[in-house]
Amino acid sequence: MRYLKIVFVIVMLLVVIIFCVQNTESYVLSFAGYRLAVPLQMWVLLAIFFVAGMVPILVLELPRAVTHYRRMRPLKAQISSMEKQLENRGVLPADPPK
């Protein structure tokens, strides 16, 4: 569910960039001696820089997420096996109340 929320927020930001920027004039991007040969509309430039800004965040977040997943997998398996043991002993009801 958490990942769906993140994807939803990113999509909404892209929608805001694309549909709320009413400037359709083309711009030639130039910075530090570099000049973009093809003029682009403002919403295209904003979308490109938004995605380019997200790439380092995703690259830095990916190892932490993988490490967390690797730590949690054996713990969840241990919890599951303990619940099965308790269920077999009759300690846990078959369907716990919610």
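These notes cover the structure that comes with them. Here the structure is a predicted model, which is why all the values come from computation and not from measurement. (Residues numbered from 1 in each chain as written. Predicted model: local features only at pLDDT ≥ 70, side-chain atom pairs only at ≥ 80, totals over all residues. Heavy atoms only, no water.)

**Concerning the overall build of the protein**
Item 1. Across its full length, the protein holds 2 helices and 4 strands.
Item 2. In the protein, the order of α-helices and β-strands from amino to carboxyl end is α-β-β-β-β-α.
Item 3. For the protein, with 98 residues in total, the buried portion stands at 4%.
Item 4. Excluding contacts between residues fewer than 6 apart, the proportion of contacts in the protein whose partners are at least 24 apart in sequence is 33%. (Helix = DSSP H or I, 4+ residues; strand = E, 2+ residues; numbered from the N terminus. Buried < 20%, exposed > 50% of the residue type's maximum accessible area, 1.4 Å probe, protein only. Contact = heavy atoms within 4.5 Å.)

**With respect to the layout of surface pockets**
Item 1. Approximately 250 Å³ is the volume found for the largest pocket.
Item 2. Every residue along the wall of the largest pocket is listed here: Arg-2, Tyr-3, Ile-6, Ile-10, Met-54, Ile-57, Leu-58, Glu-61, Leu-62, Arg-64 and Ala-65.
Item 3. When contributions to the lining of the largest pocket are tallied by element, the ones reaching two or more residues are helix 1 (2-20) and helix 2 (42-89).
Item 4. Residues that form the lining of the largest pocket fall into these classes: 8 nonpolar, no polar and 3 charged. (1 Å grid on protein atoms, 1.4 Å probe; cavity = no way out; pocket = protein on both sides within 12 Å on 5 of 7 lines; lining within 4 Å. Points joined across faces, edges and corners; volume = space filled by probe spheres on them. Nonpolar A, V, L, I, M, F, W, Y, C, P; charged D, E, K, R; others polar.)

**Considering the pattern of salt bridges**
Pairing is possible between side chains that carry opposite charge, provided their charged atoms lie close to one another.
Item 1. A full pass over the atoms with the stated rule returns 1 salt bridge.
Item 2. When the shortest N-O distance is used, the salt bridge between Glu-61 and Arg-64 registers 2.4 Å. Here the residue Glu-61 and the residue Arg-64 both occupy positions in helix 2, the gap between them amounting to 3 residues, near one helical turn.
Item 3. Take Glu-61: its relative accessible area is 32%, and that puts it in the partly exposed class.
Item 4. By relative accessible area, which is 43% here, Arg-64 ends up partly exposed. (Salt bridge = Lys/Arg side-chain N within 4 Å of Asp/Glu carboxyl O.)

**Digging into helix 2**
Item 1. Between its terminal C-alpha atoms helix 2 stretches 66 Å, which fits the 70 Å expected from 48 residues at 1.5 Å a residue.
Item 2. At Glu-61, helix 2 shows its maximal kink, close to 30°; a proline, Pro-63, follows between one and four residues later.
Item 3. Among the residues of helix 2, Leu-45, Ala-47 and Phe-50 are the ones counted as buried.
Item 4. Following helix 2 by one or two positions, Gly-90 has its phi on the positive side, about 90°. (Expected span 1.5 Å × (residues − 1). Bend = angle between axes of the 7 residues up to and from the residue.)

**Comments concerning the environment of Leu-13**
Item 1. Mapped onto the elements, Leu-13 comes out in helix 1.
Item 2. In sequence terms Leu-13 and Phe-50 are 37 residues apart; their C-alpha atoms lie 8.9 Å from each other.

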